Amino acid sequence: MRVSTCAVILLAAGAMAARPFLDEPDTGITDVLVDLPKGQLPDLDDMVALNDFQYAARNYLPAANYTYYRSGAGGEWSYRNNLEVYNRYRFKPRTVVDITSISNSMNTTVLGYNISSPLFISPCARAGYGHPDAELNIVRGAAANNVIYVVSGFSTLPLKQISAAADPGQILFSQIYFGNNDTYNTEQIRLAEAAGAKAIVWAVDSPGSPSRQRSARYGVGSANTVFLSNSWDRYHSLQAQTKLPLVLKGIMTAADARTAIRQGVKAIILSNHGGRNLDGSPSSLEVALEIYQTDPSVFKQTEVLADGGIRYGTDALRLLSLGVKAVGVGRPVMFSNVFGEEGVTKALSIIKNEIMNDAANLGVANIKKIDASYVQWTPNNWYS
Ligand SMILES: Cc1cc2nc3c(=O)[nH]c(=O)nc-3n(C[C@H](O)[C@H](O)[C@H](O)COP(=O)(O)O)c2cc1C
Ligand SMILES: *[C@@H]1O[C@H](CO)[C@@H](O)[C@H](O)[C@H]1NC(C)=O
Ligand SMILES: *[C@@H]1O[C@H](CO)[C@@H](O)[C@H](O)[C@H]1NC(C)=O
Ligand SMILES: *[C@@H]1O[C@H](CO)[C@@H](O)[C@H](O)[C@H]1NC(C)=O
Ligand SMILES: *[C@@H]1O[C@H](CO)[C@@H](O)[C@H](O)[C@H]1NC(C)=O
């Protein structure tokens, strides 16, 4: 009797200790912007972190616009997991290390293209929900920071208008939702080539229609109603039509990563679409860890990129430590676009700087040499 009472109390204490989900952890933005009227933008100078842009966009945009960006699928378990997963794994910082060369080590390549930082902009549809200049702000922000912009196939503006605003030599990839219609698929490839895209990104994670409940309430849910007959034959038939490398976005298991390598895929993006498609799908960190633990040679045999829930430099470092070559940011860029080009430029420079300075504080002298030993891969129970 005593024992069971005790057990009940322990269970209750455990339940009370459960930590509520924090979409935007409180770092004081509300204290500073306490009188900001709804529908008004704060000063860009007040934005000091990626999550501040989410706060600003929520306060400023019509609810439907904001919700389109914010939404996840189903109960948003994967959306939340994407944000929380990183801090289940603590760092193992090295001290007494000379890290003064860290800034020189930040540049890297993706598919042979030089970029300033292991960072890219993930393809997100409909930048027009955030700003009238839509994707033009994003392409310019990417140029200012010398990072790759993967342009969504469902952009507000046509790809050729976006690429016309690019700097000479700027690297754009074109994301395409290939369908079951071969004529349409070929047309899309030609448009990407004509716009000067350096790679085509095939989003393979959405062959059906997701249940995006939050956005459906505002009439801005998914419009995809066709079931896709994707196959490796389709991959080869698409790849045979272009010299551009076909990158697969939305790989969620080590087994699929290995299959992609066998089929000759030059780069893959680990992604669960920001938790917007299959609720319960793993975060890219969990997939990268599965690959690392079962077959780390995958990271050498193809270029592995990843996105989902990256809001801090420390999130990016955990992915890079496993062998991921560059990381993508989605929603924060869309939220920063409410400030226009300057907002996107600032958001990208914030995350770039964080990656560099967090690496320095982790005791990483050369970011290209970060490895899994910088992280404790036994998850802590902070988030249970
Ligand atoms: C508003 C929105 C639109 C998106 N549209 C696309 C798209 O058109 N094509 C695509 O491949 N992925 C799309 N994604 C997924 C992103 O490319 C990326 O995987 C995801 O946003 C990364 O997670 P994060 O938003 O937490 O950074 C979209 C995501 C959001 C939030
Ligand atoms: C990074 O920049 C340095 C200096 O310009 C250059 O020597 C090096 O090749 C670059 N590395 C990559 C991976 O692009
Ligand atoms: C990348 O930079 C290196 C030197 O840093 C240069 O040799 C190489 O040509 C560049 N590659 C491209 C594709 O611009
Ligand atoms: C909200 O989205 C609509 C539809 O794209 C757009 O016309 C409108 O300008 C957006 N509102 C803002 C404040 O960007
Ligand atoms: C296939 O795509 C082409 C080109 O976009 C279009 O003209 C045609 O109507 C489509 N066919 C079907 C069956 O939808």
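Before any of the text, the structure's been laid out above.
This report concerns the structure included in the present document. Remember, predicted model here, so these are calculated numbers, not experimental data.

## Side note on the overall build of the protein chain
Okay, so step 1: Looking only at helices and strands, the protein chain has 16 helices and 10 strands in total.
Okay, so step 2: A compact globule built from 384 residues would reach a C-alpha radius of gyration of about 21 Å, and the protein chain, at 21 Å, matches this within 12%.
Okay, so step 3: Taking the principal axes of its C-alpha atoms as reference, the protein chain extends roughly 75 × 50 × 50 Å.
Okay, so step 4: Put simply, the protein chain has 384 residues, and 53% of those count as buried.
Okay, so step 5: Look at the contacts in the protein chain between residues 6 or more apart in sequence, and 73% of them connect residues 24 or more apart.

## Points about unusual backbone geometry
Okay, so step 1: Of note, valine 96 is a non-glycine position whose phi angle comes to about 55 degrees, a positive value.
Okay, so step 2: Counting through the fold element by element, valine 96 comes out in the loop between α5 (77-84) and β1 (108-110).
Okay, so step 3: Judged by its relative accessible area of 87%, valine 96 is exposed.
Okay, so step 4: In this model, leucine 111 sits at a positive phi of 50 degrees, which is unusual for a non-glycine residue.
Okay, so step 5: By secondary structure assignment, the location of leucine 111 is in the loop between β1 and β2 (113-115).

## Details of the pairing of strand β10 (residues 326-329)
Okay, so step 1: With burial as the criterion, each face of β10 is covered, one bearing Ala326 and Gly328 and the other bearing Val327 and Val329.
Okay, so step 2: The pairing of strand β3 (residues 119-121) with β10 spans three bridges and is classified as parallel. Looking at β10, one finds that leucine 119 is bridged to valine 327.
Okay, so step 3: Note: strand β9 (residues 303-307) against β10, three bridges, orientation parallel. By the bridge assignment for β10, aspartate 307 is matched with glycine 328.
Okay, so step 4: Between the parallel pair β9 and β10, the chain is carried across by helix α14 (residues 313-322), and the sense of this crossover is right-handed.

## Quick look at the site of ligand 5
Okay, so step 1: Asn181, Tyr184 and Glu187 make up every residue found near ligand 5.
Okay, so step 2: Measuring from an oxygen atom of ligand 5, one finds a side-chain N or O atom of glutamate 187 at 3.1 Å.
Okay, so step 3: Contact with the protein chains hides 34% of the accessible area of ligand 5, taken as 360 Å² for the molecule alone.

## Brief notes about the sheet that holds strand β8 (residues 267-270)
Okay, so step 1: Strand order in this closed barrel of eight strands is β3-β4-β5-β6-β7-β8-β9-β10, and the pairing throughout is parallel. Each neighbouring strand pair of the sheet contributes to a mean axis angle of 30 degrees, computed without reference to strand direction.
Okay, so step 2: As paired elements, β3 and strand β4 (residues 148-151) share two bridges and run parallel to each other. Looking across to β4, one finds that isoleucine 121 is bridged to tyrosine 149.
Okay, so step 3: Where helix α8 (residues 182-194) meets the sheet, its contacts fall on β5 (172-176) and β6 (199-203), and the angle it forms with β5 comes to roughly 165 degrees.
Okay, so step 4: Helix-sheet contacts for helix α12 (residues 284-294) involve β7 (246-251), β8 and β9, and the interaxial angle to β8 is about 125 degrees.

## A few points about the nonpolar core
Okay, so step 1: In terms of nonpolar packing, the biggest core is built from 99 residues, with Tyr149, Ile268, Leu270, Leu319 and Ile355 touching the most fellow members.
Okay, so step 2: Element by element, the count of residues in this core is highest for helix α16 (residues 341-362), at 10 residues.
Okay, so step 3: Setting aside residues no more than four positions away along its own chain, isoleucine 355 makes contact with Met106, Leu119, Gly313, Ala316, Leu317, Leu320 and Ile367.
Okay, so step 4: The next biggest cluster of nonpolar side chains, apart from the first, holds 15 residues, and it includes Val110, Phe120, Ile269 and Leu305.

Reading the values: rules and limits
Residues numbered from 1 in each chain as written. Chains lettered and ligands numbered in written order. Predicted model: local features only at pLDDT ≥ 70, side-chain atom pairs only at ≥ 80, totals over all residues. Heavy atoms only, no water. Helix = DSSP H or I, 4+ residues; strand = E, 2+ residues; numbered from the N terminus. Rg over C-alpha atoms; globule rule 2.2 N^0.38 Å. Buried < 20%, exposed > 50% of the residue type's maximum accessible area, 1.4 Å probe, protein only. Contact = heavy atoms within 4.5 Å. Pairing = 2+ DSSP bridges. Right-handed = clockwise from strand over helix to strand, strands pointing away. Near = heavy atom within 4 Å. Polar contact = N/O pair within 3.5 Å; in protein donor to acceptor, adjacent residues only side chain to side chain. Areas by Shrake-Rupley, 256 points an atom, 1.4 Å probe, with all protein chains shown as cover. Axes fitted to C-alpha atoms, helices over the stretch in contact; angles between N-to-C directions. Core = buried A, V, L, I, M, F, W, Y, C linked by side-chain atoms within 4.5 Å.

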